[in-house]
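Observations on the three-dimensional arrangement
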Amino acid sequence: MEGELRRNRQFNDFWAIVNKNRVTVLIVAINVAMFVLLSVTGGADDSVNLYRWGAKFGPAIQAGDWYRLIAPVFLHAGFFHIAANTFALVLFGPRLEQEFGALAFVATYIVAGVCGVAASYFVSPTLSVGASGAVFGMVGAYGVYLVRNRREFGGQVNRVILNLIFILGINIVFGLVWPGIDQGAHVGGLIAGAAMAFLVSPSRVVHIEDDFMLFGAPIVRTRFARATQSNILMAAGAGLLVALVISWWVTNNVDYDAFTMGQYWLFESATS
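Residues numbered from 1 in each chain as written. Predicted model: local features only at pLDDT ≥ 70, side-chain atom pairs only at ≥ 80, totals over all residues. Heavy atoms only, no water.

Compared with the 27 Å implied by 1.5 Å per residue over 19 residues, the 27 Å span of helix α2 (residues 22-40) between its first and last C-alpha is a close match. Buried residues of α2: Val-23, Thr-24, Ile-27, Val-28, Asn-31, Phe-35 and Leu-38, and no others. Projected down its long axis, α2 shows its buried positions confined to an angular sector of 140 degrees, all on one face. In this structure, α2 carries Arg-22, Leu-26 and Val-40 as exposed residues pointing more than 90 degrees from its buried face. Positive phi appears at Gly-42, one or two residues downstream of α2, with a value of about 140 degrees. (Helix = DSSP H or I, 4+ residues; strand = E, 2+ residues; numbered from the N terminus. Expected span 1.5 Å × (residues − 1). Buried < 20%, exposed > 50% of the residue type's maximum accessible area, 1.4 Å probe, protein only. Arc of directions from axis to C-beta.)

Structure (structure tokens):
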């Protein structure tokens with residue numbers, strides 16, 4: 001009986017966590033589902049298969065495959081790749097979802113991911129996938145949220161901010177020395193996530209109740225107010241517009257060399 005009650009409690013606790021973090025769970029589920037789909041249709045580490053499912057590749061976007069600005073955010077090249085991004089998503093996602101609210105969180109995640117792909121498209125035509133831009137966006141958004149409200153959070157928040165800076169620094173250095181890391185997506189996602197947080201992260205609101213007649217002094221109440229739905233949607237629209245403008249500029253102003261175009265025709269012939 002006690003064992004059954006314990007299992008029921010654990011089950012209820014699990015579903016309570018899932019209900020509080022539905023968006024995070026949904027994103028993880030989509031990433032895992034896409035990874036399984038990649039694995040059974042040719043391999044998650046196969047370039048042709050990644051291209052088939054929507055990986056970012058400069059000439060393909062230039063040719064009109066604009067869906068490749070969003071599809072790569074949910075694709076991963078290999079088990080270590082998805083494991084690392086899932087770990088970061090589980091680490092930061094629930095905190096942002098609960099603090100920002102589900103809509104602001106998913107808007108920040110998508111905008112950071114798409115802007116990361118756009119930045120990668122701007123920097124290099126090479127094939128790339130992954131949620132790293134969105135993950136860096138979450139870190140940037142959380143950092144801005146803490147900095148904006150550091151007085152309310154107290155002195156310990158400075159240590160958390162320094163830890164975030166350290167994590168970002170390590171990842172940037174790692175990306176510089178390790179081949180194949182898409183630094184454009186990382187930096188683009190980081191900037192986009194930070195910018196979104198300025199617009200949609202909760203901020204302290206002071207409300208003064210005028211009670212001079214009764215007590216001789218006002219009652220001051222403070223709370224953290226989330227962004228309104230209209231503000232979140234406008235911020236998301238602005239972020240996606242920036243990504244589209246960057247991509248439009250690259251599409252109309254960049255010419256690729258013969259080797260890159262040769263890769264493109266090989267990808268196209270292999271997936272047609």
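Counted as a void, the second largest pocket has a volume near 220 Å³. If you go around the second largest pocket, you meet 16 residues; those closest to its centre are Cys-115, Ile-191, Ala-192, Ala-195 and Val-242. Among the elements that line the lining of the second largest pocket, the one with the most residues is helix α10 (residues 183-200), at 7 residues. (1 Å grid on protein atoms, 1.4 Å probe; cavity = no way out; pocket = protein on both sides within 12 Å on 5 of 7 lines; lining within 4 Å. Points joined across faces, edges and corners; volume = space filled by probe spheres on them.)

All right, on to the side chain of Ser-132 then. Among the secondary structure elements, Ser-132 is positioned in helix α7 (residues 132-148). Residues in contact with Ser-132, not counting those within four places in the same chain, are His-81, Asn-85 and His-186. (Contact = heavy atoms within 4.5 Å.)

The subject of this paragraph is the packing of aromatic side chains. Within the structure shown, the criterion is met by 9 aromatic pairs. Judged by centre distance (6.2 Å) and plane angle (80 degrees), the ring pair of Tyr-51 and Phe-57 falls under edge-to-face. Look at Phe-57 and you get buried, because its relative accessible area is 1%. For the ring pair Tyr-51 and Phe-267, a centre distance of 4.9 Å and an interplane angle of 15 degrees mean the geometry is stacked. Residue Tyr-51 is located in helix α3 (residues 47-52), and its partner Phe-267 is located in helix α13 (residues 258-271); the two are separated by 216 residues in the primary sequence. Put simply, the rings of Phe-92, Phe-100, Tyr-142 and Tyr-145 pair up and form one aromatic cluster. Against the face of Tyr-51 rests Arg-68, its NZ or CZ located 4.0 Å from the ring centre. (Phe/Tyr/Trp six-rings, centres within 6.5 Å; stacked < 30°, edge-to-face > 60°. Lys NZ or Arg CZ within 6 Å of the ring centre and 35° of its normal.)

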